[in-house]
Amino acid sequence: MSSPHPYIPATDADRALMLERIGVETLDSLFHDLPASRRDPAISLPPALTEPELIALLSERATENAAPSRPSFLGAGAYRRSVSSIVAHLTSRSEFVTAYTPYQPEISQGTLQSGFEFQSVVCELTGMDVANVGLYDVASATAEACLMAARATKREAVALLEPMHPGAIDVVQTYARGPALRLDVLDSPEFVSEAHACLVVQQPDFLGTIRDLAPLADAAHARGALLVVVADPFALGLLRAPGDAGADIVTGEGRDLAGGAAYGGPSLGLFAARSQFLRQMPGRIVGRTREVEAGDGREPRTGYVLTLQAREQFIRRERATSNISTAQALIALAFTIAVQALGPQGLRESAELCYQRAHDAARRIAAIPGFDVPERGPWFQEFLVRGPLAAPQLAAESSARGITPGLDVSDRQEPEADEALLFCVTEATPDSHVNALIDALAEIGAEA
Amino acid sequence: MSSPHPYIPATDADRALMLERIGVETLDSLFHDLPASRRDPAISLPPALTEPELIALLSERATENAAPSRPSFLGAGAYRRSVSSIVAHLTSRSEFVTAYTPYQPEISQGTLQSGFEFQSVVCELTGMDVANVGLYDVASATAEACLMAARATKREAVALLEPMHPGAIDVVQTYARGPALRLDVLDSPEFVSEAHACLVVQQPDFLGTIRDLAPLADAAHARGALLVVVADPFALGLLRAPGDAGADIVTGEGRDLAGGAAYGGPSLGLFAARSQFLRQMPGRIVGRTREVEAGDGREPRTGYVLTLQAREQFIRRERATSNISTAQALIALAFTIAVQALGPQGLRESAELCYQRAHDAARRIAAIPGFDVPERGPWFQEFLVRGPLAAPQLAAESSARGITPGLDVSDRQEPEADEALLFCVTEATPDSHVNALIDALAEIGAEA
Amino acid sequence: MTDYRPAGEDFGARLSFDRGEPGRRAVDVPCWSGDESPLPDAHLLRDSLRLPELSQGELVRYYTALSTRNYGIDSGTYPLGSCTMKFNPKVNDLIASLQGFAEAHPLAPEEDMQGTLRTLLELRDGLAEITGLPAVSLAPAAGAQGEFAGVLMIMAALQDRGELAQRRRILVPDSAHGTNPATAAMAGFQVTQIPTAADGSLDRDTIERELDETVAAVMVTVPNTLGLWERGIEEVAELIHEAGAYLYADGANLNAIMGRIRYGDLGFDVAHLNLHKSFSTPHGGGGPGAGPVCCSEELAPYLPTPILEQGDDGVVRLAAPERSIGRMQQFHGNVGVLLRATAYMRALGLDGLRSVSGQAVLNANYLRVLLHGWYDLPYDRPVLHEVVFSGSRQRREHGVRTYDIAKRLIDHGFHPPTVYFPLIVEEALMIEPTETEPPEAIEALANALIAIAKESAEDPAALHAAPTTAPIGRLDETAAARRPVLRWQPPSP
Amino acid sequence: MTDYRPAGEDFGARLSFDRGEPGRRAVDVPCWSGDESPLPDAHLLRDSLRLPELSQGELVRYYTALSTRNYGIDSGTYPLGSCTMKFNPKVNDLIASLQGFAEAHPLAPEEDMQGTLRTLLELRDGLAEITGLPAVSLAPAAGAQGEFAGVLMIMAALQDRGELAQRRRILVPDSAHGTNPATAAMAGFQVTQIPTAADGSLDRDTIERELDETVAAVMVTVPNTLGLWERGIEEVAELIHEAGAYLYADGANLNAIMGRIRYGDLGFDVAHLNLHKSFSTPHGGGGPGAGPVCCSEELAPYLPTPILEQGDDGVVRLAAPERSIGRMQQFHGNVGVLLRATAYMRALGLDGLRSVSGQAVLNANYLRVLLHGWYDLPYDRPVLHEVVFSGSRQRREHGVRTYDIAKRLIDHGFHPPTVYFPLIVEEALMIEPTETEPPEAIEALANALIAIAKESAEDPAALHAAPTTAPIGRLDETAAARRPVLRWQPPSP
Ligand SMILES: Cc1ncc(COP(=O)(O)O)c(C=O)c1O
Ligand SMILES: Cc1ncc(COP(=O)(O)O)c(C=O)c1O
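Quantities reported herein were computed from a predicted structural model and do not represent experimental measurements. Starting afresh in each chain, residues are numbered from 1 along the sequence in its written order. Whichever chain is written first is A, and whichever ligand is written first is 1; the rest continue in order. This being a predicted model, a pLDDT of at least 70 is required before a residue's local features are given, and a value of 80 or more before pairs of side-chain atoms are given or counted; all residues contribute to the totals for chains, interfaces and linings. Only heavy atoms go into the side-chain values, all of them from the structure, while hydrogens and water stay out.

**Points about the overall build of chain A**
- Secondary structure elements follow DSSP: runs of H or I no shorter than four residues count as helices, runs of E no shorter than two count as strands, and numbering proceeds from the N terminus. A tally of helices and strands in chain A yields 13 helices and twelve strands.
- Each of the three principal axes of chain A carries a C-alpha extent, and together these read 85 × 55 × 50 Å.
- Contact criterion: two residues are considered in contact whenever any of their non-hydrogen atoms come within 4.5 Å of each other. For chain A, long-range pairs separated by at least 24 residues make up 70% of all intrachain contacts whose partners lie at least 6 apart in sequence.
- In the structure as shown, chain A presents an accessible area of about 13700 Å², 51% of it carried by carbon and sulfur atoms.
- Averaging the coordinates of the 37 positive side-chain charges in chain A and doing the same for the 57 negative ones gives two points 6 Å apart. Only the protein chains shown count as cover for residues, and all accessible areas are computed by the Shrake-Rupley method using a 1.4 Å probe. For the purpose of counting charges, residues Lys and Arg are taken to be positive, whereas Asp and Glu are taken to be negative. His and the chain ends are not included. Here the site of a charge means NZ on Lys, CZ on Arg, CG on Asp, or CD on Glu.

Take a look at the structure:
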């Protein structure tokens, strides 16, 4: 501990003085409670790097990933979005970045008021009454929705309707271990029963199709089950608000609109519900209030606080509605600013642009001899592609041409997915990438 | 002007209301003073782009430049430096970025106090008494130094000592047009005469050699001329402060330490002098002062203001010491933080590392059969390389191998520069680049 | 910037929704110039959407102003106990934002993601070394999710042992963080609370008494939330293992002991870490974090999916452990946070991490000594990374609550410490200076707290009225909970 | 953030030099592990260097705190007349920071720099179109350097005409910015001041009288610093040309007329622009800027080096004009600023630039009307981009100076306007709202100024005491100039 590390201010001289004032001889003696036999074990870590070395090493690593300029048509839960430059600018302000969960509202209004903005945006998009400030990701949010539905209905099974993201099903399964909920993965809403706390449906579904939610709500409600909709918030710029169609709980993934998939995370689980479930909700909630009377006659000002904390682990402990503590606040801030930057017109236009570009690409692919785009109904940004080769071969041929194709979904049960890849084109997919894809597929088609 | 542009808030409805309150019918009528025959000419500009389109286009352009990963050994006035990540983080705070020149000190202490820090850093590095908050770049700062020396000495010629950066000589020539100063570019300090207001020398010189400044100061002072030293502030982490060696004015280029050459600018001209020249200095100067007595008994606090403004154009007009107004404040801030992040130890270590790495590279090159590194004395980070081919061919062969070689200086008069390229290696030149260079030169040597 | 708006302005009353004008916009969207595809049927489409309509400049100003109403680590000392609010190196953010990392699709072929995967492997290996627990999953998104994973792993192991039906209890100390009991309950276990002994360690007798074949696990925070080492933890571990239960380490306080002692060596079976604390990834106002879970070979098959595997070809791939409890997230965890943590680990190396824990502990003890006599110290012994005082004397003698002390500290320029936690300390003031505060800052904090202690006696009303210098005064939290207003509503016409 | 330090703290008294401790450091430097080369002789080396020694966290906090003591455009309305403080789009900063642009070496072969050079060419062509002046050099670093280039070009042309010895005078209006006369003098000319007529335009009679064979040029700001159009400028141009002199446009106020009228079409020979105003590149607290100089074919050969040339091969190269006045900088100008300006131009297009000027003018007139009657308006006619009031009534009647009014505006949350400029208006208050302020902000500014006007009558002392809400009160500028303290000095032992 001689020459101080840039992250640690105290010098040897500082330390000597502090030790003296504490009244101990050595720093090690402060650790005397630790069992001596276990102390200071051999630990092997790579050597420390100075900042320039660190930047050099990790910049090198970043280039070992496929270049961001490589055309890719992967979607399946992570979508390339156009995010305004103001988002990164604002969310990188250290007052936001380096703050903790806002336990002291007087000096945390930035985080709190932004949280209230976030809840408002989520409610507007989903058509729900109340929202929390965000959970880890869409899948864990959906799992929490299932747990909440089970608590609210006192039922012990949940139904998930295919096509649903397999990762999401997996996470619900993980979370269901605790209360030992039964998971029924259904092919049709008609199998919902009185045993089910909720019916969970994805919008658009895992294969990209836009669902008509109202009949699903009816089916669920007819059995006393809640309807949980797992919605892409971006698509909600165009699609009917799930709440208007009868949803009771809506979850969603906010990461993409917040900017940057980053190999999957940090993500952002949106969670909104009808107001009767408010006190059952997991996660932090921001409420609006006013200053307590100052006694100086001044009109109390408006402020924001974490509220309804009696649901939470740090108060309710083993009876809390969830164990969640740290969530994804900074991503929620980015999501909020990104959506508000688009505004009502922009979000609609952007979603329509996404729709048009995806449909145009699908049309062009369908026009290539040997290729087929099987449709399962109206769809948003993802579509199935079958080619003249089996799906894995088609994917391999495409990769060999420098293009990451859509996800191979040929092992799924839906008939349209047979030998198909799930392609995604969004408002942010460069034209040049789509053109390269068309050329590559045409070449593959010609050679097949 | 119907749908508002994101940069312009007013809507059609806003405009209608404003026009009504102003009492005019149309916006155009506010321009009625403009000669009708000249109004609204045909102007051809490329079409407007939305933000995603703009980012796409200019990102594409950025990749049309040679990749930053291409090894390059260019120096000659622009040097690759290791700049701490905290610099960009702090200088991107909008309070710094979007402020104007600090005319209202009460709400500009951030800029002003940083300016005072900058002046202090520049004085420490150069060994001078006073500094301004920065000029455009090293060359224009050097030109201003010549003008100031001429004013102070009332002489009408200036002497520049070779080797000096040709761009700098050119700029001094431009600035000298005003007062019609004569420029003498000298090969030896012995030619300084009583006609010269100053002797200008570069440290290290244009070919990289470290100068012994004290004898140059003596030579200048013996003729009543001032010594102007154009110093690389980074090298001053290692080299004797010019002020200690007798310099009267020191200029320098701060851009590289501030981060990013950006094809040459924004740059940052450092300008420091002995205190007797204070009131002759160009540029803004920040001074320390205190609050005026508030009358409430509170101890006045320390603050910073632009001071000695009677020298400046906006007060003194045609009798100002310079016409400069907007300078390079944000780059000065970055420079200050970068130097202070290194601190006294770090700057020294960093300069030594640069020295060692450059010397090591030179040694390795000199060891390649057919190559020669002619020395002109002790040097810092730049060195001459002669190969088995004529300089332009050597450069071409190197470029063909994916390496941007040092600058071709074979047209210079210095004998060591004959058929030579001026290579630069710094603390920030990646090892892998140096290795690639050695391999390439060995290959060229073997083929020649 | 300083909040330059006039002090009287009720800034919070006007949300972005209440600003701007219809038709304004902060960004433009490109036009579609190709063939138009018909939109889906109208009943599938949204009819209206209420979102703010602001120009770009207005929106930037609004959120810039909001930021000025926040206090972050870069604003000053932030000694929030248990939260490890230390300096977040900026280089880590730079690294995570490199395009190659930031724009990677989670389903991209692993061969195309070796830059990310090799970096994560380095982190995984480092965490295994640091904890002494050989198997690691980086998937959990935060501490609580790491705990959840850990407890589910224990559950799955018990199930495989055929003992799950019988082992329904988890023992949790009364000093534990709320996530511990909440997690245990979420995993379907009953929680038995273990009291803290007079020396601040777990009450050994109670543990011995409670340990039987109904116990699945014991969750212990090491060091504990009093900032104290759990004395005798090794013996406790043996007892637990003898009883057939597992020992879980809440590793959120790793900052105190990094590089000095390891959970694995002490007998822990599984631990989670809070990289957003010990490894200094920014807290972001409440996340994102990362809560890797580390475990023994025995529990390794149950780790959450994905884990990392390096093939003989050197290629790093994602894998599902044999008997995995499953996924915690749709994809692979908070990778951006993990990259930052790796950069932090690499910037420090082993010596650096040891300096971190050493200085963190030194700083906490320095504060302990400086404040000695001014505030009660219920567990008066040398501490590790944090020290828990009690304001009960101030409360008793002057009617000043810890709450008031915390608010008053704001007026001195500090973020308040954690208050009223751990629950076992009356009027708790839980202070964690961290290793990144210089001695001067610790002295200044102590001086402010001493000044407040004096003020409690001399002018308690000043404390009740605090803070007076913050962007807003004390807020009515009761009203907020009683009549919840949780979202913007359009002004009634 | 809000400046959370206690209000009494004398933050400015402690520089970074006064903080930290010897031995602390904010960054580490890699070790050299190769062969050691001996250092140069000791007499060439530095012995000591006094710089601050702070840990990274301390340094970050210090400069973060400094930033909070600044007011930027993102903080609120910043109606500094003549300075065009409008919203700086963030995307422009993003673009300039793209690695391919930001890390380009100025001496890299032009073939390797086509991304930058093609972008600059686009800007050059755009500026030529917008100004109606066909030849452009992007080299000057700011407005004043652009002026200097322009005047030197005139000088060089006169020299080539053999008239330089005789044409030693430049006429400059008394309303001109200080850089105009300063520049003329720096180029060695004598300055003759031209008065402003009652309508705010140049006094035509004086010009006619002064125009003779000793005149090299007339420098005119269009629109002028009163925010007014120079009536009859076309006829003046003719007179000037007849007299054999050149007409120079200070184009710093282009914001008012972009896309609506062009200097070239009006008869100007040369103009400089302030891209850091009209094209919204950030001011950075006093630069960097960019001051391109645009001129007629006649003056094109004299442009500063470099200019851009596109070869038949499409490759863009740097070139030196035939009879160039030379370089303004060692390299090619403030390229990073020029990239931002190009992005701005491309984001707006012609229609957008016309909206800019239209709205800028509308906003200034709106403010003019809102404040009518409250402050004197010496040139009471519709204005272009800015409006100049006078506080002379307040001064006369209430002893309140414009200085006081400006300081009081700070307490209302606004940056003050430009004051005491142009010099020809007594107690001038020069306000330029710019097009990026919404009408609400202009109304709020007007209301604040009206409140202050009322307060001048009712409570002038409050104005004299202002500002009270800023991070610091009025500073003693006289003392600063009388006993200059211009740098940190170590505390005397
Ligand atoms: C001791 C302890 N355990 C667990 C947690 C939970 O971690 P997280 O907030 O990341 O979920 C925390 C922090 O809040 C903690 O301090
Ligand atoms: C009218 C006018 N001319 C010239 C200038 C000088 O421009 P710069 O500050 O960029 O040198 C300015 C701005 O300060 C100005 O307003």
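**With respect to helix 1 (residues 56-68) of chain C**
- Any helix carries an expected span of 1.5 Å times its number of residues minus one. The end-to-end C-alpha distance of helix 1 of chain C is 18 Å, a good match for the 18 Å that 13 residues give at a rise of 1.5 Å each.
- Throughout, exposure labels follow a simple rule: accessible area from a 1.4 Å probe, protein chains only, divided by the maximum for the residue type, with under 20% read as buried, over 50% as exposed, and the rest as partly exposed. Extensive coverage of helix 1 of chain C is indicated by the burial of 13 of its 13 residues.

**Digging into the interface of chain B and chain A**
- Listed by partner, the interface residues are eleven residues for chain B and eleven residues for chain A.
- Summing the contributions of chain B and of chain A, the shared interface buries around 750 Å²; its carbon and sulfur component is 33%.
- A per-residue breakdown of the area chain B buries against chain A is headed by Glu51(B), His89(B) and Arg93(B), which together make up 46% of the total.
- We define a salt bridge as a side-chain nitrogen of Lys or Arg found within 4 Å of a carboxyl oxygen belonging to Asp or Glu. Applying the counting rule to chain B against chain A returns two salt bridges.
- Notably, a salt bridge pairs Glu95(B) with Arg93(A), separated by 2.6 Å at the nearest N-O pair.
- Here a polar contact means two N or O atoms within 3.5 Å. Within protein one must be a hydrogen donor candidate and the other an acceptor candidate, and residues neighboring in sequence count only if both atoms are side-chain atoms. In this structure, the connection of chain B to chain A is made through six residue pairs in polar contact (both at pLDDT 80 or more). What counts as buried area is the accessible surface, traced by a 1.4 Å probe, that two parts surrender upon association, with contributions from both included.

**Quick word on the site of ligand 2**
- Close to ligand 2 lie 16 residues; Thr326(B), Ser82(D), Asp250(D), His276(D) and Lys277(D) are nearest.
- We call a residue near a given molecule or strand whenever any one of its heavy atoms falls within 4 Å of it. Neighbouring residues of ligand 2 are distributed over chains B and D.
- For ligand 2, an oxygen atom lies 3.4 Å from a polar atom in the side chain of Tyr100(B).
- Compared with its free state, where it exposes 390 Å², ligand 2 has 100% of that area covered by protein.
- Per-element accounting of the shell around ligand 2 gives the leading share, three residues, to helix 5 (residues 143-161) of chain D.

**Quick notes on the environment of Cys198(A)**
- Secondary-structure assignment places Cys198(A) in strand 4 (residues 196-203).
- Leaving out residues up to four positions away in the same chain, Cys198(A) has contacts with Cys146(A), Ala149(A), Ala157(A), Val158(A), Ala159(A), Ala225(A), Leu226(A) and Val228(A).

**Points about the site of ligand 1**
- Taken together, 16 residues are adjacent to ligand 1, and Thr326(A), Ser82(C), Asp250(C), His276(C) and Lys277(C) come closest.
- The environment of ligand 1 is shared, with nearby residues belonging to chains A and C.
- Between ligand 1 and Ser325(A) there is a distance of 2.7 Å, counted from an oxygen atom to a side-chain nitrogen or oxygen.
- For ligand 1, whose free accessible area comes to 380 Å², the fraction covered by protein is 99%.

**Regarding the relation of the copies chain B and chain A**
- Superposing chain B onto chain A takes a rotation of 180° plus a shift of 0.0 Å along the axis, which leaves an RMSD of 0.0 Å. Interpreted geometrically, this transformation is the action of a two-fold axis. Considering only C-alpha atoms, the part of chain B nearest the rotation axis is Arg93(B), at 3.6 Å.
- Same-surface contact between copies: 100% of interface residues of chain B are shared with the interface of chain A. Least-squares fitting of one copy onto the other uses the C-alpha atoms of those residues that reach a pLDDT of at least 70 in both copies.

**Section: the confidence of the model for chain C**
- Chain-level statistics for chain C give a pLDDT mean of 96 and a share of 99% at 70 or above.
- Model confidence for the complex is summarised by a pTM of 0.98, with the ipTM given as 0.98. The pLDDT score gives, residue by residue, the confidence of the prediction method on a 0 to 100 scale.

**Here's the deal with the interface of chain A and chain C**
- Chain A puts 180 residues into the contact, and the matching count from chain C is 204 residues.
- Taken over both partners, the interface formed by chain A and chain C buries close to 16500 Å², and the fraction arising from carbon and sulfur atoms is 61%.
- Linking chain A to chain C there are 14 salt bridges.
- Arg487(C) is paired through a salt bridge with Glu124(A); the nearest N and O atoms lie 2.7 Å apart.
- Our count for the contact surface shared by chain A and chain C stands at 98 residue pairs in polar contact (both at pLDDT 80 or more).
- For the side of chain A that touches chain C, the per-class residue count stands at 89 nonpolar, 52 polar and 39 charged. Classes in brief: Ala, Val, Leu, Ile, Met, Phe, Trp, Tyr, Cys and Pro nonpolar; Asp, Glu, Lys and Arg charged; the others, Gly included, polar.

**Notes on the pattern of salt bridges**
- Going through the model one piece at a time under the given rule, you end up with 133 salt bridges over all chains.
- Linking Asp232(A) and Arg81(A) is a salt bridge whose minimum nitrogen-to-oxygen distance equals 3.5 Å. Taken together, the residues span a long stretch of sequence, with Asp232(A) in the loop between strand 5 (226-231) and strand 6 (249-253) and Arg81(A) in the loop between helix 2 (51-64) and helix 3 (85-91) at a distance of 151 residues. Neither residue differs from the other here; Asp232(A) and Arg81(A) are each classed as buried.
- Measuring nitrogen to oxygen at the nearest pair gives 3.3 Å for the salt bridge that ties Asp28(D) to Arg25(D).

**With respect to the domain arrangement of chain C**
Residues and elements named next belong to chain C.
- Segmenting chain C into domains produces domain 1 (91-347) and domain 2 (355-479).
- One C-alpha centre belongs to domain 1, the other to domain 2, and the line joining them spans 30 Å.
- With 25 residues of domain 1 at the interface, the matching set in domain 2 holds 20 residues.
- Buried area between domain 1 and domain 2, summed over both chains or domains, comes out near 1700 Å², and the portion from carbon and sulfur atoms is 59%.
- Linking Asp199 and Arg381 is a salt bridge whose minimum nitrogen-to-oxygen distance equals 4.0 Å.
- Between domain 1 and domain 2 we count six residue pairs in polar contact (both at pLDDT 80 or more) in total. The start and end points of each domain follow an automatic or database-based domain assignment.

**Notes on the pairing of strand 10 (residues 382-386) of chain A**
Residue and element names in this part refer to chain A.
- Taking burial as the measure, the five residues of strand 10 include four buried ones, the bulk of the element.
- DSSP calls a pair of strands paired once it identifies at least 2 bridges connecting them. Pairing geometry for strand 10 and strand 12 (residues 420-424), over five bridges, is antiparallel. Residue pairing in the sheet places Glu382 in a bridge with Cys424 of strand 12.

**Side note on helix 12 (residues 391-400) of chain B**
All names here are of chain B.
- Among the residues making up helix 12, those that are buried are Ala391, Leu394, Ala395 and Ser398. Looking straight down helix 12, one finds that the buried residues subtend no more than 100° of arc, so they occupy a single side.
- Residues of helix 12 that are buried make contact with strand 11 (407-408), strand 12 (420-424) and helix 13 (431-447).
- Residue Gly402 follows helix 12 closely and has a positive phi angle near 80°. Note: the arc covers the axis-to-C-beta directions of the helix.

**Observations concerning unusual backbone geometry**
- The amide bond that connects Glu162(B) to the next residue, Pro163(B), takes the cis arrangement and shows omega of -10°.
- A cis amide bond links Gly287(D) to the next residue, Pro288(D), at an omega of 5°.
- Tracing the sequence through the fold places Pro288(D) in the loop between helix 10 (275-278) and strand 7 (293-295).
- For Ala76(B), which is not a glycine, the phi torsion comes out positive at approximately 55°.
- Structurally, the position occupied by Ala76(B) is in the loop between helix 2 (51-64) and helix 3 (85-91).
- If you check the backbone angles, Thr84(D) has positive phi at about 50° while not being a glycine.

**Some details on the side chain of Arg255(B)**
- As for its position among the elements, Arg255(B) is in helix 9 (residues 255-258).
- Here Ser267(B) takes part through its side chain, which lies 3.2 Å from a polar atom of the side chain of Arg255(B).
- Excluding residues that lie within four positions of it along the chain, Arg255(B) makes contacts with Gly77(B), Ala78(B), Gly260(B), Ala261(B), Gly264(B), Gly265(B), Pro266(B), Ser267(B), Leu268(B), Ile331(B) and Phe331(D).

**Observations regarding the sheet that holds strand 6 (residues 270-273) of chain C**
Residue and element names in this part refer to chain C.
- Strand order in the open sheet formed by seven strands is 1-7-6-5-4-2-3, with mixed pairing between adjacent strands. The open sheet has two edge strands, strand 1 (135-137) and strand 3 (190-194), and neither has a second partner. Within this sheet the neighbouring strands show an average axis-to-axis angle of 20°, counted without direction.
- Inspection of the sheet shows strand 5 (residues 246-251) paired to strand 6 by four bridges, in the parallel sense. Bridge assignment links Asp250 to a residue of strand 6, and that residue is His272.
- Inter-axis angles, ranging from 0 to 180 degrees, are taken between N-to-C directions of lines fitted to C-alpha atoms, where helices are fitted over the stretch in contact. Helix-sheet contacts for helix 5 (residues 143-160) involve strand 2 (169-173), strand 4 (215-221), strand 5, strand 6 and strand 7 (293-295), and the interaxial angle to strand 5 is about 170°.

**A closer look at the domain arrangement of chain A**
All names here are of chain A.
- In terms of domains, chain A is made up of domain 1 (86-337) and domain 2 (367-447).
- Just the C-alpha atoms count here: the centres of domain 1 and domain 2 sit 33 Å apart.
- Contact residues are listed per partner, giving 16 residues for domain 1 and 16 residues for domain 2.
- Buried surface at the junction of domain 1 and domain 2, summed over both partners, amounts to about 1300 Å²; 59% is from carbon and sulfur atoms.
- One can count seven residue pairs in polar contact (both at pLDDT 80 or more) joining domain 1 with domain 2.
- Residue classes in the side of domain 1 that touches domain 2 are distributed as ten nonpolar, two polar and four charged.

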